[in-house]
Amino acid sequence: MNNTTDFNYFNTLLVQNIGNSVGPIAPTITPSAAFGYENAEEAEGIFAAEVNKPLYARVGNPTNAKLESVVAKMEGGFASIATSSGMGAISMVVTAFLNSGDELLCIGGFFGGTYALVNETLKRFGISNSFCTVDDFTHIENTLKRGIKMVLMESVGNPSLTLPDVQRIIDLCNKYETLLMIDNTPTPLLLRPLTMGADIVVHSSTKNMSGHSAALGGIAVFREVKEAGDKLLNDKYADIHKIVKKMGKKAFIPICKKRAIRDYGMTANAFGSFMTMIGLETLSLRVERVNKSVEAISLLLDAKLPQGVSVNHPCLSSSPDNARYKSDFPDGCGPLLTLDCGTKERAFKLLNHLKLVILTANIGDNRTLALHMTSTIYSDFDEDARAFLGVHEGLIRVSIGLEDPREIAEDFLQAAHAI
Ligand SMILES: *Cc1c(COP(=O)(O)O)cnc(C)c1O
C-alpha cells in the first residue's frame, strides 16, 4: 500500500475549493439564523429534505455547507456535518447511532474529553464501553462478535503516540458490520480512513485544520451508503432503517441531523466555519512543514538532551512504533512529541525555563505549545486510567508549530539543561 501524502494535490484542492473565482474571492459568511421560504410548497419540500435550501441555522447554514463540502473532498468522503467543537462532532455521532443499553468499543488511549464523555456522560445515559490497547485483537474481535454497534479509535494516541494498525481494524469492523468512527484530529491528509474503508471520520477543527486557534469547531465526515448490502441495513441498526431506506446514499446526514443536531444543537456557526476555512486553505503547506519539523526536532533532542530527560516519538528507532510509523505514516503522524522528565518537579522546571514555547492545553497550533499532563488535562484521572492512557508524572506533551525547528529544539535544550 502506498501511504505517502501528495501535498501538492491537497494544496491545489484546498485553495481552489475554498472561496470563489468570480465575485467575492474569500468564502462568504451567511450569519442569518433563519431563512425565508419562497412559498408554502417550498417550505414543505425543505422540511422533507427534498428541496436543498437552508431550513434554520440549527440544522445548517450556507457557510457551514461550504466547509462541509471541502472537508468531505479532503477526506475522500461523501458528505459531512460541521459542529460547534470536536466534542460536539463525537457526541453527535455517538448519540445519533447508540441507544441506552448499547456498548461502545474504545480502542487505544483517548484524548481527555473523549475519555470523560464515554466513561462519565454516556454511562449516565446507559451506554457502556470497554477499552483495549490498539493491538489487543482478541478483545476487539470478541467484542465485535457480540454484535455491538460502534467502535471508536484515534488515529494516533494522544499523548501516548501509539500507532494503531488502522487497516486491520477497519477490515474487522467491516467483517462484523460494525460502524467505525476514527478521530483523525492530529493527522488530516496524512491518514484518510474513509478511503481505507472506515465509516466516519471526526476532527476537532480547532486544532490542525484551523491552525490559528481562532475558531472552536469540529466536523464529522461520512462515507456513501451503499445501495445494497450496506452494514447500516444489519438488523442491529433496525431503528434507523427507515431513514436509510428513504435517504439512500446520503443517509448518514439525516441520521445525525434528525437524531442529534436538531435536538441537542451542537451546530457550527457561520463565523466559526469561515475562520476554519481560512485556516484550511494552508493546511497542506502546514502539515508538510510541521511533520518534517517534528522529525528533525525529535532527532536533535534525542541526540542532545541531557541525562534525565528523554524524547518520545515514533520516528525514533528506539520507539516500539517505529516500524508502523515507517510503513503507515511515512509523512508523519501529526504535530505531537512528548518529553519524559522523570518527575513532576523536573517537568515544571523545564516548562518554566522555556522562552519561545507557549504553555497551553491546545494542540495543532501554528505556534509550538507544551503542557504538563498529570497536573492539567489528566488531573481528575486515577492511576489505572493514567497508566492505560500512557500518562505519567514526568510527562510533557509538545505540539510543534511553524517556527524554525532549530530554534524550537534549542529552546527545549536550554530549558532541559537548566533543571
Ligand atoms: C481537542 C481534541 C478533541 C476535542 O475537540 P474540541 O474542539 O476541543 O471540542 C477531540 N479529539 C482530539 C484528538 C483532540 O485533540
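### Structural notes on helix 13 (residues 344-353)
Of the residues making up helix 13, those classed as buried are Ala347, Leu350 and Leu351. Projected onto a plane normal to the axis of helix 13, the buried residues spread over an arc of 95° and lie on a single side. Seen from the buried face of helix 13, the exposed residues on the opposite side, beyond 90 degrees, are Glu345 and Asn352. Next to the buried residues of helix 13 lie strand 9 (336-340), strand 10 (358-359), strand 11 (369-372), strand 12 (395-399) and helix 15 (405-417).

### A few points about the sheet that holds strand 12
Pairing is mixed in the open sheet, where 5 strands are placed in the order 8-9-12-11-10. Two strands close off the open sheet at either side, each with one partner strand: strand 8 (310-312) and strand 10. Direction of pairing for strand 9 relative to strand 12: antiparallel, over a ladder of 5 bridges. Among the inter-strand pairings, Asp340 is bridged to a residue of strand 12, identified as Leu395. Across the sheet, helix 11 (residues 283-304) touches strand 8 and strand 9, and the angle it forms with strand 9 is around 15°. The strands that helix 13 touches are strand 9, strand 10, strand 11 and strand 12; relative to strand 11, the one it contacts most, it runs at about 155°.

### Here we look at the environment of Asn366
Mapped onto the elements of the fold, Asn366 is located in the loop between strand 10 and strand 11. Residue class for Asn366 comes out partly exposed when judged on its relative accessible area of 21%. Taking the C-alpha atoms as reference points, Asn366 and Ser210, 156 residues apart in sequence, are found 9.0 Å from one another. Look past the residues within four positions of Asn366 in its chain and what remains in contact with it is Gly211, His212, Arg286, Gly401, Leu402 and Glu403.

### Brief notes about the packing of aromatic side chains
Following the criterion strictly, the structure yields 10 aromatic pairs and no others. Considering the side-chain rings of Phe97 and Phe252, the 5.9 Å spacing of their centres and the 55° angle between planes classify their relative orientation as tilted. Residue Phe97 is located in helix 4 (residues 86-97), and its partner Phe252 is located in helix 9 (residues 252-264); the two are separated by 155 residues in the primary sequence. On the accessibility criterion, Phe97 (1% relative accessible area) is buried. Residue class for Phe252 comes out buried when judged on its relative accessible area of 1%.

### Observations regarding the sheet that holds strand 2 (residues 103-107)
Within a sheet, neighbouring strands are paired by backbone hydrogen bonds and run either parallel or antiparallel to one another. In space, the 7 strands of this open sheet follow the order 1-7-6-5-4-2-3, with mixed pairing throughout. The two strands at the open ends of the sheet, each matched to only one other strand, are strand 1 (79-83) and strand 3 (128-132). Strand-to-strand twist of the sheet, defined as the mean angle between neighbouring strand axes without regard to direction, takes the value 20°. Relative to strand 7 (residues 218-222), helix 4 is tilted by about 45°, and along the sheet it contacts strand 1, strand 4 (150-154), strand 5 (179-183), strand 6 (200-204) and strand 7. Relative to strand 1, helix 9 is tilted by about 25°, and along the sheet it contacts strand 1, strand 5, strand 6 and strand 7.

Cut-offs used in this document
- Residues numbered from 1 in each chain as written.
- Predicted model: local features only at pLDDT ≥ 70, side-chain atom pairs only at ≥ 80, totals over all residues.
- Heavy atoms only, no water.
- Buried < 20%, exposed > 50% of the residue type's maximum accessible area, 1.4 Å probe, protein only.
- Helix = DSSP H or I, 4+ residues; strand = E, 2+ residues; numbered from the N terminus.
- Arc of directions from axis to C-beta.
- Contact = heavy atoms within 4.5 Å.
- Pairing = 2+ DSSP bridges.
- Axes fitted to C-alpha atoms, helices over the stretch in contact; angles between N-to-C directions.
- Phe/Tyr/Trp six-rings, centres within 6.5 Å; stacked < 30°, edge-to-face > 60°.

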